[in-house]
Amino acid sequence: MGGFTRRQFLKIGGAAAGAAALGGGLTTRWFGLDGDPVDDPGTDGDRVVPSFCELCFWKCGILAHVKDGRVTKITGNPAHPLSRGRLCPRGTGGIGLLYDPDRLKKPMIRREKRGQQEFQEVSWEAALDYTAEAMLRIREKHGPEAMALYSHGYGGSWFKHLLKAYGSANIAAPSYAQCRGPREVAFQLTFGSTVGSPENLDLDHSRAIALIGSHLGENMHNTQVQDFSRAIDRGASLIVVDPRYSTAAGKARWWLPIKPGTDLALLLAWMHVLIEEGLYDRDYVEKYTVGFDRLKAHVADKTPEWAFTRTTIRPEVIVETARALGGARPAALVHPGRHVVWYGDDTQRSRAIAILNALLGSWGRKGGFFIPQALSLPSYPYTKYAYHPKAPPDAPKNSVYPLADEVLASGLCMASIPGTAAYDVKGWLVYGTNLIQALPQPDVVQKAIQALDFIAVVDVLPMEIVGWADVVLPEATYLERCDEIDAPPWREPFAAVRQPVVEPMYDSKPGWWIARELALRLGLKDYFPWKDSVEYAMHRVHGAGLSCDEMRRTGVIRGPRVPVYFEDGLEPSFATPSGKIEIWSQRMEEAGIGGLPDYTPPEEPPPGMFRLLFGRAPMHTFGRTSNNRFLASVERGNELWLNARIATELGLRSGEMVVCVNQDGVRSEPLPLKATERIRPDCVYLVHGYGHDAKGLSFARGRGASDSRLVTRVRVDPAMGGTGMNVNFVRVERAA
Ligand SMILES: Nc1nc2c(c(=O)[nH]1)N[C@H]1C(S)=C(S)[C@@H](COP(=O)(O)OP(=O)(O)OC[C@H]3O[C@@H](n4cnc5c(=O)[nH]c(N)nc54)[C@H](O)[C@@H]3O)O[C@H]1N2
Ligand SMILES: Nc1nc2c(c(=O)[nH]1)N[C@H]1C(S)=C(S)[C@@H](COP(=O)(O)OP(=O)(O)OC[C@H]3O[C@@H](n4cnc5c(=O)[nH]c(N)nc54)[C@H](O)[C@@H]3O)O[C@H]1N2
Ligand code: SF4
Ligand SMILES: [Mo]
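Only a predicted model underlies this, so the values are computations on that prediction, with no experimental measurement involved.

(A) The arrangement of the site of ligand 1 in detail. Residues in contact with ligand 1 amount to 32 residues; listed here are only the nearest, D242, D263, H339, Y343 and H620. Relative to its unbound accessible area of 920 Å², ligand 1 is 99% covered by the protein chains. Tallied by class, the residues present in the shell around ligand 1 amount to 15 nonpolar, 10 polar and seven charged. When residues of the shell around ligand 1 are assigned to domains, at least three map to each of domain 2 (179-372) and domain 3 (610-734).

If you want it as structure tokens, here you go:
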């Protein structure tokens, strides 16, 4: 399938000839979203099946075009509010996953020592019996809580249900403590509501937007990038704060190449200017917030000059950008980011962002944060879980991280090393997460896995984690199965269905089937009373009084529009202890972290070393798409960004192969150098998700370098246990 040019590639899945454009905009194209949105995508296939995407976790509505039993192209469903007739490049590339020749094809059981990647193909019968027996043994010997589920991705719902029925609440995903946890905790503390996914950002109507690292356009969440592009086309002022000149910085009025790890100083100085110059929303602050006076005193000395010495951003730029935000309020938005586990003070930085938005009066306002609304679907009338699960080994009750409101993937991993936590975790069921690349500190992860009694992996590809499994359960891809209904809170309520487009290939099975078969073997039949997931999903749709036929025909049902802004009559309410927006947080104060965010300076890189930073590439989702030949035709590997002047000093040239060696002596795989003015001299940058060493990834293996390997240190957030990962330093050497 190789050999697409970027241009040809971007046409794929885009507008059919003559399709009606709904207002394209130059910037969406510049960011690489596919063609014009279409009303009627047309098809040269036999049929078109609506469903939703799983190439990332945004879940855009898709139309899968099928000819002679094969999926020929995937386009955006015009009726679906998260795609509006468009997909990001990855979404169109789902075919590359479906027809990936390296897919897991049969259940397998480990033959050699754990981690040697040697397996024997077995029947489903044998694999399921083996798994169920191991789970029963663990429950009998150690209690149900000794079994943990790691689950990322939408098909995981069946396994979560299974594990709760089995008796364990130890269910985690790296998308919390390794991703957006601090943000969710901070917004919950401040506004009484998380930002969630998809985020409730009204970028579409914003007149000023500040991005703190969030590299929209490389971070390609479809609707968000569409809205962002529209705001730029309409002339919104864009402020990009990033040590690296990101794709978004290329569209910005101000690029603030901040010294990594010092954002809190900038955020406090912005507050200082907004308050000092009376640019904040006085009415809003008076009516809806508590703690403003304390904040005012707190930031009185956080002048732009003070911040300059920490951030290296010139005072006049700090003042100008603060005025741009203040002048556009309430249609002004400081983006809360998504992957925010950077330096260990991340809940505090996210709180500072939340407070800034409160000063701008943007929560609940047009051009700020809309208040999302969900379509209510009754849950399936299951038997109640008959369990009193033990708190996770590092749960709030055990008081390790007082404000964690989800189980920590890193915590469960730690607890698998015997004797390190309140109790030991002995078994892992891993669904849709490549923990080897997703969790920090590879040596800890390996030690944990080696100590387990049992590990089973449900995946679609032979990723690194699969190589560590005792038993491998090959799942059918999202194009071959039905999952839970998707009805997230959003700008307008909706519910969408995922339905099989084609039959499962090889001997792969849908997750619902695997979970149900395990349940039958675990004596949990009552918890899976339905015949299949379609019956389950349609039961919920029908229960909400919606038409199952319409749902299956169009893929999505949209509820009535309801007010999502305070100015449209939505009654402001904040689910915080005070019932107001908490600028000063009693809970943070009581946790000993401080009721208001405080700046602490980051550790400096040792001489000759650079801070290691990483992020996303528009064509890829982490490492899960690097074996996708369709997507890799555009981006084949990663490069190491290094400041051009530093490269010259080191005698290194663009294009030559280099390796990174971190503070603990860990070496990366070789990768090409990108010497560029677009990054500060004190850090280096690479795209996450490369450097695969799994034997079965015949395409991705050996391409590029893995940042995960170099993240041997973390700084843990004392509020919620997030693992700050931007705290590693590397030397750059010419590859041998
Ligand atoms: N194409 C694509 N899109 C994706 C994903 C994907 O895999 N592929 N993944 C999705 C997921 S799960 C997530 S969580 C998001 C992540 O996307 P974001 O939340 O946007 O990611 P971050 O890792 O926070 O941002 C990386 C950027 O932060 C900058 N940065 C690093 N350190 C600092 C610092 O100290 N200060 C500042 N101001 N900037 C800094 C880096 O230079 C880089 O540009 O992307 C989502 N979108
Ligand atoms: N060093 C470093 N670590 C990071 C990050 C980073 O930038 N750098 N980013 C962090 C962030 S923001 C996040 S959200 C996490 C994400 O980390 P993960 O949760 O690991 O996400 P993915 O890398 O998408 O892993 C997806 C896994 O699911 C499999 N998969 C794909 N589709 C299906 C399916 O339909 N069914 C099943 N059963 N499996 C499927 C893939 O083959 C792959 O093994 O990683 C975090 N960890
Ligand atoms: S943002 Fe892209 S990859 Fe993610 S769900 Fe939407 S189309 Fe799929
Ligand atoms: Mo993430």
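(B) Molecular detail of the site of ligand 3. Surveying the vicinity of ligand 3 reveals 13 residues, the closest of which are C53, C56, K59, C60 and C88. Looking at the shell around ligand 3 residue by residue, the class counts come to eight nonpolar, three polar and two charged.

(C) Structural detail: the pairing of strand 16 (residues 471-474). Residue alternation in strand 16 divides its side chains into two sets, V471 and L473 and V472 and P474, and both sets are buried. As judged from the two bridges shared by strand 4 (residues 108-110) and strand 16, these two strands associate in the antiparallel manner. In the sheet register, I109 faces strand 16, and the bridge partner there is V471. Note: strand 15 (residues 454-459) against strand 16, four bridges, orientation parallel. Bridge pairing in strand 16 links V458 to L473.

(D) Here's a closer look at helix 13 (residues 315-328). Over its 14 residues, helix 13 extends 20 Å from the first C-alpha to the last, a length consistent with the 20 Å expected when each residue adds 1.5 Å. Of all 14 residues in helix 13, 10 are buried, a share of seventy percent or more. For helix 13, every residue scored as buried is listed here: P315, V317, I318, V319, T321, A322, A324, L325, G326 and A328.

(E) Fine view of the pattern of salt bridges. For the structure shown, the criterion picks out 47 salt bridges. Between R713 and E603 there is a salt bridge whose closest N-O contact spans 3.3 Å. Of this pair, R713 sits in the loop between strand 24 (683-687) and strand 25 (715-716) while E603 sits in the loop between helix 21 (586-590) and strand 20 (610-615), and the two are 110 residues apart along the sequence. Take R713: its relative accessible area is 27%, and that puts it in the partly exposed class.

(F) Seen up close, the side chain of S533. Mapped onto the secondary structure, S533 falls in helix 19 (residues 533-543). Owing to a relative accessible area of 1%, S533 belongs among the buried residues under this scheme. Within the structure, the side chain of S533 is placed 3.1 Å from the backbone oxygen of C482, a separation counted as a polar contact. Not counting residues up to four positions away in its chain, the partners in contact with S533 are W158, C482 and W512.

(G) Molecular detail of the sheet that holds strand 7 (residues 171-173). In space, the eight strands of this open sheet follow the order 5-4-16-15-14-6-7-13, with mixed pairing throughout. Here the strands that pair on one side only, and so sit at the sheet edges, are strand 5 (119-121) and strand 13 (407-408). Of the pairings in the sheet, the one linking strand 4 to strand 5 comprises three bridges and is antiparallel in character. Note that in strand 5 the partner of M108 across the bridge is E121.

(H) Representation of the packing of aromatic side chains. Per the stated rule, a full pass over the model turns up 30 aromatic pairs. Between Y380 and Y382, the aromatic rings sit 5.0 Å apart at their centres with planes inclined by 45 degrees, giving tilted as the arrangement. Ring pairs connect the aromatic residues W158, Y380, Y382, W512, F528, W530 and Y536, which therefore count as one cluster. Positioned above the aromatic ring of W306, the side-chain terminus of K302 is 5.7 Å from the ring centre. Over the ring of W641 we find K674; its NZ or CZ atom is 4.3 Å from the centre of that ring.

(I) Highlighting helix 9 (residues 263-276). With 14 residues, helix 9 extends 20 Å between its outermost C-alpha atoms, agreeing within 8% with the 20 Å of an ideal straight helix rising 1.5 Å per residue. Taking burial as the measure, the 14 residues of helix 9 include 13 buried ones, the bulk of the element. A positive backbone phi angle near 65 degrees is found at G278, which sits one or two residues after helix 9.

(J) Region of interest: the confidence of the model for the protein chain. For the protein chain, mean pLDDT is 93; residues scoring 70 or higher make up 94% of the total. Throughout residues 1-24 the model reports pLDDT below 50, and contacts reaching past four residues in sequence, or to other chains, amount to 47 contacts.

(K) Geometry of the sheet that holds strand 8 (residues 208-212). Ordered in space as 10-9-8-12, the four strands form an open sheet in which the pairing is parallel. In this open sheet, the two edge strands, each paired with only one partner strand, are strand 10 (254-256) and strand 12 (332-334). Neighbour-to-neighbour, the strand axes of this sheet turn through a mean angle of 10 degrees, independent of strand direction. Direction of pairing for strand 9 (residues 237-241) relative to strand 10: parallel, over a ladder of three bridges. Its bridge partner being in strand 10, V241 is matched across the sheet by L256. On the sheet, helix 14 (residues 346-359) packs against strand 8 and strand 12 and is oriented at approximately 170 degrees with respect to strand 12.

(L) Examining the pairing of strand 9 more closely. Most of strand 9 sits inside the fold, with five of its five residues counted as buried. Of the two faces of strand 9, the one holding S237, I239 and V241 and the one holding L238 and V240 are both buried throughout. Here strand 8 pairs with strand 9 via five bridges, running parallel. Its bridge partner being in strand 9, L211 is matched across the sheet by V240. Crossover strand 8 to strand 9 through helix 8 (residues 222-233) is right-handed.

(M) Representation of unusual backbone geometry in the model. Of note, the bond from S197 into P198 is cis; its omega dihedral lies within 30 degrees of zero at 0 degrees. Considering the arrangement of structural elements, one finds P198 in the loop between helix 7 (174-191) and strand 8. Of note, the amide linkage connecting R329 to P330 takes the cis form, showing an omega dihedral of 5 degrees. With phi around 70 degrees, K59 is a residue other than glycine that occupies positive phi space.

(N) Geometry of the domain arrangement of the protein chain. We note that the domain assignment places domain 1 (108-177 + 392-558), domain 2 (179-372) and domain 3 (610-734) within the protein chain. Computed over C-alpha atoms, the centres of domain 2 and domain 3 are 27 Å apart. The partner domain 3 presents 26 residues to the 27 residues of domain 2 that form the contact. Roughly 1,900 Å² is buried in total at the junction of domain 2 and domain 3, and carbon and sulfur atoms are behind 60% of that figure. For the domain 2 face of the interface with domain 3, the top three residues by lost area are R244, Y343 and G344, together amounting to 26%. On the surface where domain 2 and domain 3 come into contact, there are zero salt bridges. Summed over the shared surface of domain 2 and domain 3, the number is 10 residue pairs in polar contact (both at pLDDT 80 or more). Looking at the side of domain 2 that touches domain 3, the elements that each hand over two or more residues are helix 7 and helix 14. Class assignment for the residues of the side of domain 2 that touches domain 3 results in 12 nonpolar, 10 polar and five charged.

Rules of the game
- Numbering of residues starts from 1 in every chain and runs along the sequence as written.
- Just so you know, chain letters begin at A and ligand numbers begin at 1, following the order they were written in.
- Side-chain atom pairs in this predicted model are given and counted only at pLDDT of 80 or more, local residue features only at pLDDT of at least 70, and totals for whole chains, interfaces and linings cover all residues.
- Side-chain calculation: all heavy atoms of the structure are included, whereas hydrogens and water are not.
- The rule for a residue being near a molecule or strand is that one of its heavy atoms must lie within 4 Å of it.
- All accessibility values rest on the Shrake-Rupley procedure with a 1.4 Å probe; residue burial counts only the protein chains present in the view.
- For this scheme, ten residues count as nonpolar: Ala, Val, Leu, Ile, Met, Phe, Trp, Tyr, Cys and Pro. Four count as charged, namely Asp, Glu, Lys and Arg, and the remainder, Gly too, count as polar.
- Where each domain starts and ends follows an automatic or database-derived domain assignment.
- The classification of residues rests on relative accessible area computed with a 1.4 Å probe and restricted to protein chains. Under 20% of the type maximum is buried, over 50% is exposed, and intermediate values are partly exposed.
- A run of DSSP states H or I qualifies as a helix once it reaches four residues; a run of E qualifies as a strand once it reaches two. Both are numbered from the N-terminal end.
- By definition, two strands form a pair when at least two bridges between them are found by DSSP.
- How far a helix is expected to stretch is found by multiplying one less than its residue total by 1.5 Å.
- Any Lys or Arg side-chain nitrogen found within 4 Å of a carboxyl oxygen on Asp or Glu counts as a salt bridge.
- Here a polar contact means two N or O atoms within 3.5 Å. Within protein one must be a hydrogen donor candidate and the other an acceptor candidate, and residues neighboring in sequence count only if both atoms are side-chain atoms.
- When checking whether two residues touch, look at their non-hydrogen atoms; a contact exists if any pair is within 4.5 Å.
- Centre distance within 6.5 Å is the pairing criterion for rings of Phe, Tyr and Trp, where only the six-membered ring of Trp is used; planes under 30 degrees apart are then read as stacked, over 60 as edge-to-face, and the remainder as tilted.
- Throughout this description, the term charge over a ring refers to an Arg CZ or Lys NZ atom that lies within 6 Å of the ring centre and within 35 degrees of the ring normal.
- Each residue carries a pLDDT value, the predictor's own confidence for that position, ranging from 0 to 100.
- Fitted lines through C-alpha atoms serve as axes, helices being fitted only where they are in contact, and the angles separating the N-to-C directions of these axes extend from 0 to 180 degrees.
- Here is how to tell: hold the view so the strands point away, follow the path from the first strand over the helix to the second, and if it runs clockwise the crossover is right-handed.
- We define buried area as the total accessible area lost by two parts upon association, computed with a 1.4 Å probe and summed across both.

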